[in-house]
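Here's the letter readout for the chains.
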Amino acid sequence: MKKTVLSLTLLLAFTVNLMAQTPRQVLDKAAKTVTSDSGVKADFKLTNSVGSTSGTIAIKGAKFHATTPQAIVWYDGKTQWTYVKNNDEVNVTTPTAAQQQAINPYTFIHLYRQGYKMTMNKTASAFTVHLTAQEASRKIQELFITVDKKSYHPTQVKMLQGKKWTTFDISGIKKQQIADATFRFNQKDFPSAEVIDLR
């Protein structure tokens, strides 16, 4: 009898904890699952008004490296290199925050912390946090971030820029050691590519 009462008490405490969480607490926990000093890798599918593509992404702090069948992107925290496979060329830029947000689903890690109103819906398996910009000047006016209830891994990030929606479906999140060189373009790996500096 005592074991049954204890089990029910623990279950009730867990359920109340889930119910009492605020949208910010859910996103704080989600951000922790994809933040690591050593690095994080994941698979993603990007869908927008142009079409869709799948690939992999590596994140380490502000740095990221994304690979799709069409392109490879390196960003070392300041400079971005984008290799377009069809053209065999590399565009070098210093991207704005808005430009980074358009290709990096993990920008929500810092984005949600200020300038957005938050509401949340729950299902049996996930939280969906809806963020709405408090100022019209924000490049991303709305976001929907879906977070798995068990792992707190983000499984989908849907964002509105202008009048266009971009959706990132995320899976296979793993923390692992990633070398800093991963986030910088190396000309030796693409000897025939034309490098175009747009900075």
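Note that the structure is a prediction, hence the values are computed from the model and not measured. (Residues numbered from 1 in each chain as written. Predicted model: local features only at pLDDT ≥ 70, side-chain atom pairs only at ≥ 80, totals over all residues. Heavy atoms only, no water.)

## Things to note about the side chain of Asn91
Examined against the element boundaries, Asn91 turns out to sit in strand E6 (residues 89–93). Non-local contacts of Asn91, meaning those with residues more than four positions away in its chain, are made with Gln80, Trp81, Thr82, Val84, Ile196 and Leu198. (Helix = DSSP H or I, 4+ residues; strand = E, 2+ residues; numbered from the N terminus. Contact = heavy atoms within 4.5 Å.)

## Some remarks on the nonpolar core
Within soluble globular proteins, side chains that are nonpolar tend to cluster in buried spots. Judged by nonpolar contacts, the single largest core of 36 residues is most densely connected at Ile57, Tyr106, Phe108, Leu131, Leu143 and Ile145. Grouped together as the second largest cluster of nonpolar side chains are nine residues, Ile72, Tyr83, Val92 and Ala193 included. (Core = buried A, V, L, I, M, F, W, Y, C linked by side-chain atoms within 4.5 Å. Buried < 20%, exposed > 50% of the residue type's maximum accessible area, 1.4 Å probe, protein only.)

## What to know about the pattern of salt bridges
Enumeration over the complete set of coordinates arrives at three salt bridges. Where Asp180 meets Lys60, a salt bridge forms, and the shortest distance between an N and an O atom there is 2.9 Å. Here the residue Asp180 occupies a position in the loop between strand E11 (164–175) and strand E12 (194–197), and Lys60 occupies one in strand E2 (residues 52–60), the gap between them amounting to 120 residues. Assessed through its relative accessible area of 14%, Lys60 is described here as buried. A salt bridge links Arg199 to Asp197; the nearest nitrogen and oxygen atoms lie 2.6 Å apart. For Asp197, a relative accessible area of 46% translates into the label partly exposed. Connected via shared salt-bridge partners are Lys60, Lys63 and Asp180. (Salt bridge = Lys/Arg side-chain N within 4 Å of Asp/Glu carboxyl O.)

## Some remarks on helix H2 (residues 23–33)
Among the residues making up H2, those that are buried are Pro23, Val26, Leu27, Ala30, Ala31 and Thr33. Here the buried residues of H2 occupy an arc of 155° about the axis, which is enough to place them on one side. Along its buried surface, H2 packs onto helix H4 (108–111), strand E7 (116–122), strand E8 (126–133), strand E9 (140–148), strand E10 (154–161) and E11. (Arc of directions from axis to C-beta.)

## Comments concerning the sheet that holds E11
Read across the sheet, twelve strands follow the order E7-E8-E9-E10-E11-E1-E2-E3-E4-E5-E6-E12 without closing on themselves; strand pairing throughout is mixed. A strand with exactly one partner marks an edge of an open sheet, and here the two such strands are E7 and E12. Sheet twist, expressed as the mean angle between neighbouring strand axes with direction ignored, is 20°. Examined bridge by bridge, E8 and E9 share seven bridges and lie antiparallel to one another. Paired with Thr128 across the two strands is Thr146, which belongs to E9. (Pairing = 2+ DSSP bridges. Axes fitted to C-alpha atoms, helices over the stretch in contact; angles between N-to-C directions.)

## So, the pairing of E10
By the bridge criterion, seven bridges tie E9 to E10 in an arrangement that is antiparallel. Within the sheet, the bridge partner assigned to Val147 lies in E10 and is Pro154. Counting the residues between successive antiparallel strands, the hairpin from E9 to E10 contains five residues, one of them, Tyr152, with a positive phi of roughly 60°. The turn joining E10 and E11, which pair antiparallel and follow one another in sequence, is formed by two residues; a positive phi near 65° is taken by Gly162.

## A few points about unusual backbone geometry
For Asp88, which is not a glycine, the phi torsion comes out positive at approximately 50°. Position of Asp88 among the secondary structure elements: in the loop between strand E5 (80–84) and E6. Look at Asp88 and you get partly exposed, because its relative accessible area is 23%. Within the chain, Tyr152 stands out as a residue other than glycine whose phi angle is a positive 60°. Its relative accessible area of 13% is what places Tyr152 among the buried residues.

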